Amino acid sequence: NAGVTQTPKFQVLKTGQSMTLQCAQDMNHEYMSWYRQDPGMGLRLIHYSVGAGITDQGEVPNGYNVSRSTTEDFPLRLLSAAPSQTSVYFCASSSGGALSGELFFGEGSRLTVL
Amino acid sequence: GNSVTQMEGPVTLSEEAFLTINCTYTATGYPSLFWYVQYPGEGLQLLLKATKADDKGSNKGFEATYRKETTSFHLEKGSVQVSDSAVYFCALSPLYNFNKFYFGSGTKLNVKP
């Protein structure tokens, strides 16, 4: 039972480099989202999707792009990494947003931008 | 706007002690409220939830009551165990947009034998 799978678990980038954080879920959930976790600030919503082909911005979308071509996958792209994007990133999915209330989280991806 | 405020941690308790972690919120209307728990090296897991005023969520000995008059959702447990050591997050999802979740900053709990 895989649940939500994130890759890579750790990544170090230089300023200006690009990369994609991968997220896949095998629960057939329509709702998927990306959060970043920073010390003292909890989790903040970056982008979310309510189904294939539909995405929307969260609290802190600047510097990040997403797309949702399939129900299973929701990659997060950093086009030009900045030190302020050093964080731990979590992908989460749900069968129905707050209608169910249960977000299923991946184990996280720790990103360091030098 | 929407926000969640949690008590600062870390909280250090001895095994079998009583636990309270305070959580207050600001939101338009009546949001759904949640507690999530994060064990070391893992993602967050739902601990309990309440979707309307005066509801009590409970799970694994933890409880929290949705208090609209004080805009609070405090987490309690009567007797903590070492295995409860984790970071606890309070969260809300607004009534008008339940695809967005707002999390507090988290409270780390350390339980000593």
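Above this text is the structure in question.
Because the structure is predicted, anything quoted here is derived from the model rather than measured. Sequence order as written defines residue numbering, which begins from 1 separately in each chain. Naming scheme: in the order in which they are written, chains are lettered from A and ligands are numbered from 1. Reporting in this predicted model follows two pLDDT cut-offs: at least 70 for local features of residues, and 80 or more for side-chain atom pairs to be given and counted; totals over whole chains, interfaces and linings ignore these cut-offs and use all residues. Side-chain metrics in this entry use all non-hydrogen atoms of the structure; hydrogen atoms and water are not considered.

1. Brief notes about the overall build of chain B
Heads up, the rule is: Numbering goes from the N terminus for both helices and strands, where a helix is a DSSP run of H or I of at least four residues and a strand is a run of E of at least two. Partly exposed describes any residue whose relative accessible area lies between the buried limit of under 20% and the exposed limit of over 50%, with all areas from a 1.4 Å probe on protein chains only and scaled to the type maximum. Note on contacts: a residue pair is in contact if any heavy atoms of the two residues lie within 4.5 Å. Where accessible areas are quoted, they stem from the Shrake-Rupley method and a 1.4 Å probe; at the residue level, only the protein chains shown are allowed to cover.
Summing up its helical and strand segments, chain B has zero helices and twelve strands in all. Ordered by position in the sequence, the α and β elements of chain B form the string β-β-β-β-β-β-β-β-β-β-β-β. The C-alpha extent of chain B, read off along each of the three principal axes, is 45 × 30 × 20 Å. Here chain B, with 113 residues, has 47% of them falling under the buried criterion. Put simply, of all contacts in chain B between residues at least 6 apart along the chain, 56% involve residues at least 24 apart. Total accessible area on chain B is roughly 5,300 Å²; 48% of this is exposed by carbon and sulfur atoms.

2. As for the environment of Val 111 of chain B
Residues and elements named next belong to chain B. Note on placement: Val 111 falls in strand E12 (residues 107-112). Under the relative-accessibility criterion, Val 111 is labelled buried at 6%. When the C-alpha atoms of Val 111 and Leu 92 are compared, they prove to be 26 Å apart, with 19 residues separating the residues in sequence. In this structure, Val 111 is in contact with Leu 13, Ser 14, Glu 15, Val 80, Gln 81, Val 82 and Ser 85, ignoring residues within four places of it in sequence.

3. So, the interface of chain B and chain A
The condition that has to hold: Buried area counts how much accessible surface, traced with a 1.4 Å probe, disappears from two parts once they are put together, with both parts' losses summed. A pair is scored as a salt bridge if a Lys or Arg side-chain nitrogen falls within 4 Å of a carboxyl oxygen belonging to Asp or Glu. Under this definition, polar contacts are N or O atom pairs within 3.5 Å; protein pairs additionally need one hydrogen-donor-capable and one acceptor-capable atom, and for neighbouring residues in sequence, both atoms have to be side-chain atoms. Put simply, Ala, Val, Leu, Ile, Met, Phe, Trp, Tyr, Cys and Pro go in the nonpolar bin, Asp, Glu, Lys and Arg in the charged bin, and everything else, Gly too, in the polar bin.
Facing 20 residues of chain B, the contacting portion of chain A comprises 23 residues. Summing both sides of the interface, chain B and chain A together bury roughly 1,700 Å²; the carbon and sulfur share of this comes to 59%. Ranking the residues of chain B by area buried against chain A places Asn 99, Phe 101 and Phe 103 of chain B at the top, with a combined share of 31%. The tally of links from chain B across to chain A stands at zero salt bridges. Applying the counting criterion to the chain B and chain A interface returns two residue pairs in polar contact (both at pLDDT 80 or more). Secondary structure elements with two or more residues in the side of chain B that touches chain A: strand E5 (32-38), strand E6 (44-50), strand E10 (86-93) and strand E11 (102-103) of chain B. For the side of chain B that touches chain A, a count of residues per class yields nine nonpolar, eight polar and three charged.

4. So, the side chain of Arg 44 of chain A
All names here are of chain A. Assignment of secondary structure puts Arg 44 in strand E5 (residues 42-51). For Arg 44, a relative accessible area of 19% translates into the label buried. Side chain to side chain, Arg 44 and Asp 38 meet in a polar contact 2.8 Å long. When residues no more than four places from it in sequence are discounted, the contact partners of Arg 44 are Trp 34, Tyr 35, Arg 36, Asp 38, Glu 59 and Val 60.

5. Things to note about the state of the cysteines
In plain terms, the rule: Any cysteine sulfur atom paired with another within 2.5 Å is treated as part of a disulfide.
Evaluated as defined, the whole model comprises two disulfides over all chains. Disulfide pairing places Cys 23 of chain A opposite Cys 91 of chain A at an S-S distance of 1.9 Å. Disulfide Cys 23 of chain A to Cys 91 of chain A: torsion about the S-S bond roughly -70 degrees, handedness left-handed. Taken together, the positions of Cys 23 of chain A in strand E3 (residues 19-25) and Cys 91 of chain A in strand E9 (residues 87-94) put the pair 68 residues apart, joining distant regions of the chain. Through a disulfide, Cys 23 of chain B is tied to Cys 90 of chain B; the S-S separation comes to 2.0 Å. What sets the handedness of the Cys 23 of chain B and Cys 90 of chain B disulfide is the S-S torsion sign, and at about -70 degrees it is left-handed.

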